[in-house]
Amino acid sequence: MAKASRTFVCQSCGAVTPRWAGRCESCGEWNTIVEEAGTTGGVGAGPAAKALKGKGRTIELVEMSGESADPPRYESGMGEFDRVTGGGLVPGSALLIGGDPGIGKSTLLLQVMAALAARGQSVVYISGEEAIAQVRMRARRLGLAEAPVQLGAETNLKDIIGTLENGTAPDAVVIDSIQTMWTETLDSAPGTVAQVRASAQELVRFAKKRNTAVILVGHVTKEGQIAGPRVVEHMVDAVIYFEGERGHQFRILRAVKNRFGPANEIGVFEMGEKGLGEVPNPSALFLGERDGGTSGSSVFAGIEGTRPVLVEIQALTAQSTLGTPRRAVVGWDSGRLSMVLAVLEARCGLSLAGQDVYLNVAGGLRINEPAADLAVAAALISSITGKPLPENCVIFGEISLSGAVRPVSQMDARLKEAEKLGFSRAILPAGAARTRGPAALTFTEISDLAGLIAKLAAGGDKGSGGRRAADM
């Protein structure tokens, strides 16, 4: 028989140590190591080890060249949610959705479950954080009080699995949240690494066994990552983040992993009195409040998953009164901003050492691709010089450490989205205009940052660099 022992597990990364320490040696976090129950014993001590000594059954192997049918989907009818999941929920799949507290995860999933139920699917919503009365109150506020959704309030995983396996398994299940679930086979408290890992494993096993789509809601840490061991993200089929700023009405649903669809796809929602509404054309809303006549503002043509998105980038530089100037960034990588500032100083001669720099991506969207480098640099140059950028102009391009502007992918899609929204000009990397862009756009090719500064000083894209797309 294996005897019980005590182990120490980091609640941030899941590393196991034989003794307690104030700092985890694996991830470097402080005060995250917690004592948990475990089992020890020699080789063959436990029943699992004894079972491995026997001969396993032979599994069937097939050729790679065979054909398989595409998995069926449960479409919710919410286009933005179905887009992120790859076309709808796949039966037998497990999804993990994370987001800041109060961002709207429960609201979104209640709307999705109600939409699925209205299409004839049997759905169950189990809350470990709220009582039934609270969930019903939210449903009434969203106008979903009569939706045929089965509700439950429980945290004991054994009781939840037993209820779901009783009779016909539902088509879709929401577990809100995985950090509140616990299993009596472990002595540790709910929310610990062992409990989260064991609960997620049981729920994933149930999803595969009963062909039910299971959606797990996960808490996030202060860094914005889903709390708990990273192994949970590897067990599920899709990992989706629900992002947004509390001061903005927009919410971004972003897939960072999806075994049944494209990764890094986004869906855009708008928070209103009746819950989350879909935004089928996010570019128009992100640019709706833009004032094109002010300095320090540029329009970036980006790609989020398979969707082109136009968004405003705002920059402000001001004389600093501190010994170390401030660098404040919202919606972009702060390290990337430092690189662009260094290139502007070293390669273009712009003095930014005594300037506070503030950068903001309007609308609450977070940009991850390096194609935004040129738009950020243009906004910074416009703020420094006090000259507005040309109106109806989109910008994109990657900047290297030498100051050269490099081409980016999917340029045609970016330019077509710009033309659709009424833009007539584009500042892009040299050579990019050789693509089959819209004939209605005027292109300005930029080979390096010094050329961008010269073009802006000469009056935007009016000069020898500007060529009609029809002449390319």
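Being a predicted model, the structure only gives us computed values, none of them experimental.

*Asks:* How do you make sense of unusual backbone geometry when you look at a structure like this?
*Replies:* In terms of backbone geometry, most residues other than glycine have negative phi values and most peptide bonds are trans. In the segment running from Asp176 into Ser177, the intervening peptide bond is cis, with an omega of 5°. Positionally, Ser177 belongs in the loop between strand 7 (172-176) and helix 6 (193-210). Residue Asn211 is not a glycine yet carries a positive backbone phi of 60°. Its location among the elements puts Asn211 in the loop between helix 6 and strand 8 (213-218). Look at Asn392: it is not a glycine, yet its phi comes out positive at around 55°. With respect to the element layout, Asn392 can be found in the loop between helix 10 (373-385) and strand 17 (393-395). We classify Asn392 as partly exposed; its relative accessible area is 38%.

*Asks:* Sorry, what's going on with the pairing of strand 16 (residues 355-361) here?
*Replies:* It is a general feature of regular strands that their side chains alternate between the two faces of the sheet. Taking burial as the measure, the 7 residues of strand 16 include 5 buried ones, the bulk of the element. Alignment of strand 14 (residues 307-319) against strand 16, held across 7 bridges, turns out to be antiparallel. Counted as the bridge partner of Gln319 is Gln355 from strand 16. Both strand 15 (residues 327-330) and strand 16 contribute to a ladder of 4 bridges, which runs parallel. Bridged to Val329 within strand 16 is Leu359. Once the chain exits strand 15 it traverses helix 9 (residues 334-348) before rejoining the sheet at strand 16, and the crossover so formed is left-handed.

*Asks:* Could you clarify how one ought to interpret the nonpolar core in this entry?
*Replies:* Proteins that are soluble and globular tend to have nonpolar side chains buried together. Grouped together as the largest cluster of nonpolar side chains are 61 residues, with contacts concentrated most on Phe300, Ile313, Trp332, Leu344, Leu380, Leu449 and Leu452. The element best represented in this core is helix 10, accounting for 8 residues. The residues contacting Leu344, other than those within four sequence positions of it, are Gly349, Leu350, Leu352, Leu380, Ile381 and Leu449. If you look at the next biggest cluster of nonpolar residues, it comprises 35 residues, including Met78, Leu109, Ala114 and Leu253.

Calculation notes
- Residues numbered from 1 in each chain as written.
- Predicted model: local features only at pLDDT ≥ 70, side-chain atom pairs only at ≥ 80, totals over all residues.
- Heavy atoms only, no water.
- Helix = DSSP H or I, 4+ residues; strand = E, 2+ residues; numbered from the N terminus.
- Buried < 20%, exposed > 50% of the residue type's maximum accessible area, 1.4 Å probe, protein only.
- Pairing = 2+ DSSP bridges.
- Right-handed = clockwise from strand over helix to strand, strands pointing away.
- Core = buried A, V, L, I, M, F, W, Y, C linked by side-chain atoms within 4.5 Å.
- Contact = heavy atoms within 4.5 Å.

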